[in-house]
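Close look at the chain arrangement
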Amino acid sequence: MKRIFIIFLPLIVLFSYFLIKTYFKADDMEKVEKPFVVILLGPPGAGKGTHAVELSKKLGLPHISTGDLFRENLKNNTQLGQKAKAYMEKGNLVPDDVVLDMLFARVSKEDCKKGYILDGFPRTIAQAKALKGKLKDVDYIAINLQVEDEKLIERITNRIMCRSCGTPFHKIFLPPKEEGKCDKCGGELYQRDDDTEAVVKERLKVYHDQTEPLIEYYANEEKVLSNVDSRGAKDIVFNNLMDIIDKNIR
Ligand code: ADP
Ligand code: ZN
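These remarks concern the structure in this document. As the structure is a computational prediction, the values presented were derived from the model and not from experiment. (Residues numbered from 1 in each chain as written. Chains lettered and ligands numbered in written order. Predicted model: local features only at pLDDT ≥ 70, side-chain atom pairs only at ≥ 80, totals over all residues.)

The complete set of buried residues in helix H6 (residues 125–134) reads Gln 127, Ala 128 and Leu 131. Angularly, the buried residues of H6 cover 100° about the axis, an arc narrow enough to put them on a single face. In H6, those exposed residues whose orientation departs by more than 90 degrees from the buried face are Lys 129 and Gly 133. Lining the buried residues of H6 we find helix H5 (96–107) and helix H9 (213–219). (Buried ≥ 20, exposed ≤ 12 C-beta atoms within 10 Å, placed from the backbone. Helix = DSSP H or I, 4+ residues; strand = E, 2+ residues; numbered from the N terminus. Arc of directions from axis to C-beta. Contact = placed C-beta atoms within 7 Å.)

A separate point is the site of ligand 1. Surrounding ligand 1, one finds 17 residues, the nearest of these being Pro 44, Thr 66, Gly 67, Leu 93 and Gly 120. When contributions to the shell around ligand 1 are tallied by element, the ones reaching two or more residues are helix H3 (66–75) and helix H4 (79–90). Per element, the largest residue contribution to the shell around ligand 1 is three residues, and it comes from H3. For the shell around ligand 1, the per-class residue count stands at eight nonpolar, six polar and three charged. (Near = placed C-beta within 6 Å. Nonpolar A, V, L, I, M, F, W, Y, C, P; charged D, E, K, R; others polar.)

Pasting the structure below:
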């Protein structure tokens, strides 16, 4: 009996080691030495915001959405908000210098020290180049969420969003448990002013003209870009995202 135990002991130890390693892999950013940044690419309505909220929880990294930051400034009627307002209402991009100042101020904060999840930034080649300068000693990956335009229009025009935490819901496919109320924080749900069909069409045009070229930009960097089909169920897409991230955390 004792001999059998001694023979199997190394196996048990090895098995436990792999079990523990798998379990703690993505949750534990503590052990990752270099900061890790996830860039979520994809058209409006592709699910960047939805998945960024979950990734943020799972990885323990802050979710940085330039759209949310602008909406926050709009709500508080700051100077920055006033600068961005007209562009956002029309579905156009806010000028790069305004976006870059705001974004870099945000990611310089203490909570971004271990990394962060970018949602809605970069959106132009100029923004991507500026970001690259900032990410010199940082591991980063870009994940491109793919969905065709027709589906995006349907998703966005049915989208409702939390005023407090920015979590998006879909009236039919991802409804909140209680009508008008956010599942996460109990905040009030509302429809964004720029989520109308006319503005969405303009946003998609702007996406194809100015943001889509970023896919090629990141494809040209070694081992940075992954594509994920984002048409399917939320949980399946999320698992695919986590698989990619797990493979890239060093
Ligand atoms: P979505 O991804 O659903 O289109 P966002 O919430 O990311 O929406 O952005 C809303 C609006 O905020 C954009 O249409 C644009 O006017 C402005 N905006 C957000 N991020 C950027 C950015 N990186 N560069 C320029 N404008 C931006
Ligand atoms: Zn909320």
